Amino acid sequence: MQFENTREFAKKLDQKDPLKSYREQFLFPKVDGKRVIYFTGNSLGLQPKNAKKYVDEVMKDWAELGVEGHFYADKSWWDYHERLAKPLSTIIGAETAEITVMNTLTVNLHLLMVSFYRPQGERYKIICEEKAFPSDQYMLQSQVRFHGYDPNDAIVEIKKREGEHNFRIEDILRTIREVGDECALILIGGVNYYTGQVFDMKTITKAGHGIGAIVGWDLAHAVGNIKLELHNWNVDFAAWCSYKYMNSGPGNASGCFIHKRYHNQKDIPRFEGWWGTDKASRFLMKPEFDPMPNADAWQLSNPPILSMAPYLASLELFDAVGMDALLQKRNSIVAYLEFVLKEIGKEVTSNFEIITPSNPNERGTQLSVFLHGEGRKLFEYLMKNGVIIDWREPNVIRLAPAPFYCSYEDMYRFGQLLKQGILDNH
């Protein structure tokens, strides 16, 4: 399609958008009484309007039933988390039994490391990407120290080539081969939080298994954003948060994937709690742990229902639309945003640079823009004028046009505000 950087063209794209009605299913912050242009769904998604209904249902059941809500609420609490597994299975490409929802992301990664980081002899090293999200770095460092290793020795970082913003698959595969028999675990973010680069998870997982390593993924920036086939890719485990593209609310519950080959193993190393014990005998309060025959065996405590309610509400929207439709709009709206940025760059002769890969197969719902010659003043101008974006040092803005609620006209309007902000700064 031949794009045009005009309001009229953007409006035409919106009129043809099969997902345009879903924009009205979300609540937008306002600046000067007007809806913002919201580009931070990669940090915290907007609130779905149906979330309040789901939360109110729980509050009503709590008021009217008290503790009996565990069994007699319309959506009984003792199995509430199971309702999330089915819609999540289609989003991450897994069997329902391979999914559980519990805790928060880094907590779950620590718990999964109990099972899947088992250093022994010469096989003790972990491969990750350089400058991974800080929480992952801290988690990995503390894990290897817990096992008695020096992080400077035990953690091997995949490097970018000098002067390049993104990782090359050949460099990743070479690092895997070089570490070889010393590698116990590969743990990488499925989508790089800084640049928005999507990793080739299928190829990397296969390469990791080829050297005898376990392969896991932090999917915080991937779930609800890119096509995933975790079961078919033979991924060992993964975890993700739910408050970014999944729109479940701030700091909300995390999801876990554990491949079914690890189910029904009573001797697998695992920190255990009573919600992971078999459902049929859970309330018999037996002294011995009898694991659930699925990913729920990794559950510890009874789930936080008030957190899961808005997550379930958001999944209702994902279920109605389907990932294929979301990805189709994602590709289109990100391409239009890329076009608008390049057109504005010509008009203001600015030296900003899109550091996210240009190949649609290597990116999701994010463009990261390096503002050469611009500074935080431009970011503050945009925020003041109703563009909610994310700033990362030294001077990168991350733009994530979530397909559920961002419009093509938003992309055009952003371009005009960006141009004005640059002109006003010079």
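Located above this text is the structure these notes cover.
Residues numbered from 1 in each chain as written. Predicted model: local features only at pLDDT ≥ 70, side-chain atom pairs only at ≥ 80, totals over all residues. Heavy atoms only, no water.

**A closer look at the overall build of the protein**
Scanning the protein from terminus to terminus reveals 13 helices and 17 strands. The globule rule puts the C-alpha radius of gyration for 426 residues at 22 Å, and the 23 Å found for the protein is close to it. Principal-axis analysis of the C-alpha atoms places the extent of the protein at approximately 70 × 60 × 35 Å. Within the span of the protein, comprising 426 residues, buried residues form 58% of the whole. Partitioning the intrachain contacts of the protein with sequence separation of at least 6 by distance along the chain shows that 71% fall at a separation of at least 24. Both charge centroids of the protein, one from 50 positive and one from 55 negative side chains, sit 4 Å from each other. (Helix = DSSP H or I, 4+ residues; strand = E, 2+ residues; numbered from the N terminus. Rg over C-alpha atoms; globule rule 2.2 N^0.38 Å. Buried < 20%, exposed > 50% of the residue type's maximum accessible area, 1.4 Å probe, protein only. Contact = heavy atoms within 4.5 Å. Lys, Arg positive; Asp, Glu negative; His and termini not counted. Charge placed at Lys NZ, Arg CZ, Asp CG, Glu CD.)

**Points about helix α1 (residues 7–16)**
Among the residues making up α1, those that are buried are Phe9, Ala10, Leu13 and Asp14. End-on, the buried residues of α1 take up no more than an arc of 145°, which puts them together on one face. Turned more than 90 degrees from where α1 packs its buried face, Glu8, Lys12, Gln15 and Lys16 sit exposed. Here the buried face of α1 lies against α11 (323–348) and α13 (408–424). (Arc of directions from axis to C-beta.)

**Considering the sheet that holds strand β16 (residues 390–392)**
If you walk across this open sheet you meet the four strands as β13-β14-β17-β16, and the pairing is antiparallel. At either end of the open sheet lies a strand with only one pairing partner, and these are β13 (351–354) and β16. Between one strand axis and the next, the sheet turns by 25° as a mean value, whatever way the strands run. Here β16 runs beside strand β17 (residues 396–399); their pairing, made up of three bridges, is antiparallel. Bridge assignment links Trp391 to a residue of β17, and that residue is Ile397. (Pairing = 2+ DSSP bridges. Axes fitted to C-alpha atoms, helices over the stretch in contact; angles between N-to-C directions.)

**Digging into a nonpolar patch on the surface**
On the surface, Leu65, Phe71, Tyr72, Trp274, Phe283 and Met285 cluster together to form a nonpolar patch covering roughly 620 Å² of accessible area. Assignment of secondary structure puts Trp274 in the loop between β12 (254–258) and α10 (305–321). (Patch = residues over 30% accessible without salt bridge, like charges linked within 9 Å, V, L, I, M, F, W, Y side chains within 5 Å. Areas by Shrake-Rupley, 256 points an atom, 1.4 Å probe, with all protein chains shown as cover. Salt bridge = Lys/Arg side-chain N within 4 Å of Asp/Glu carboxyl O.)

**With respect to the nonpolar core**
Membership of the largest hydrophobic core comes to 106 residues, with the highest contact counts inside it found for Tyr80, Leu88, Ile92, Trp217, Leu219, Tyr336 and Phe414. With twelve residues, α11 is the single largest residue contributor to this core. If we skip the residues at most four places from it in the chain, Leu88 touches Ile99, Val101, Trp240, Met246, Tyr311 and Leu315. (Core = buried A, V, L, I, M, F, W, Y, C linked by side-chain atoms within 4.5 Å.)

**What about the side chain of Asp61?**
Structurally, the position occupied by Asp61 is in helix α2 (residues 51–65). Buried charge Asp61 goes without a salt bridge, the closest partner of opposite sign being Lys60 at 5.4 Å. Filtering out sequence-adjacent residues up to four positions away, Asp61 remains in contact with Gly66, Ala73, Asp74 and Trp77.

**Details of the packing of helix α8 (residues 169–179) against helix α9 (residues 201–210)**
α9 packs onto α8 with a crossing angle of 15° between their chain directions and a minimal axis gap of 10 Å. When the interaxial angle is binned, α8 and α9 end up roughly parallel. As α8 runs across α9, the sense of the crossing is right-handed. Two secondary-structure elements touch here, α8 through Ile169, Ile172, Leu173 and Ile176 and α9 through Thr203, Ile204, Ala207 and Gly208. Class assignment of the residues belonging to the contact of α8 with α9 gives a composition of six nonpolar, two polar and no charged. (Parallel < 35°, antiparallel > 145°, perpendicular 65-115°, else oblique. Left-handed = near helix turned anticlockwise from the far one by under 90°. Nonpolar A, V, L, I, M, F, W, Y, C, P; charged D, E, K, R; others polar.)

**Here's the deal with unusual backbone geometry**
Peptide bonds are mostly trans, and most non-glycine residues show a negative phi. Omega for the peptide link from Glu393 to Pro394 comes to 5°, which places this bond in the cis form. Topologically, Pro394 is positioned in the loop between β16 and β17. Although it is not a glycine, Asp32 sits at a positive phi angle of roughly 55°.

**Things to note about the environment of Lys131**
Secondary-structure assignment places Lys131 in the loop between β7 (125–129) and α6 (134–146). Between the C-alpha atom of Lys131 and that of Tyr194, which follows or precedes it by 63 residues, the distance is 9.0 Å. Sequence-distant contacts of Lys131, that is, excluding residues within four places in its chain, are made with Gln137, Glu157 and Tyr193.

**Some words on the state of the cysteines**
Within this structure, the stated rule accounts for zero disulfides. Unpaired in terms of disulfides, Cys256 finds its nearest cysteine sulfur in Cys241, a separation of 12 Å. Cysteine Cys406 remains unbridged, with the sulfur of Cys241 as its closest cysteine sulfur at 18 Å. (Disulfide = S-S within 2.5 Å.)

**What to know about the environment of Lys159**
Relative to the helices and strands, Lys159 resides in the loop between β8 (155–158) and α8. It is 8.1 Å that separates the C-alpha atoms of Lys159 and Ile172, two residues lying 13 residues apart in sequence. When sequence neighbours within four positions are dropped, the list of residues in contact with Lys159 reads Glu130, Phe167 and Asp171. Side chain to side chain, Lys159 and Glu157 meet in a polar contact 3.3 Å long. (Polar contact = N/O pair within 3.5 Å; in protein donor to acceptor, adjacent residues only side chain to side chain.)

**Considering the pairing of strand β9 (residues 183–189)**
Working note: regular strand, side chains alternate between the two faces of the sheet. For β9, a buried count of seven out of seven residues is recorded, marking the element as mostly surrounded by other parts of the structure. For β7 and β9, the ladder comprises three bridges, and the chain directions are parallel. Opposite Lys125, over in β9, you have Cys183 as the bridge partner. For the crossover from β9 across α9 to strand β10 (residues 214–218), the handedness is right-handed. (Right-handed = clockwise from strand over helix to strand, strands pointing away.)

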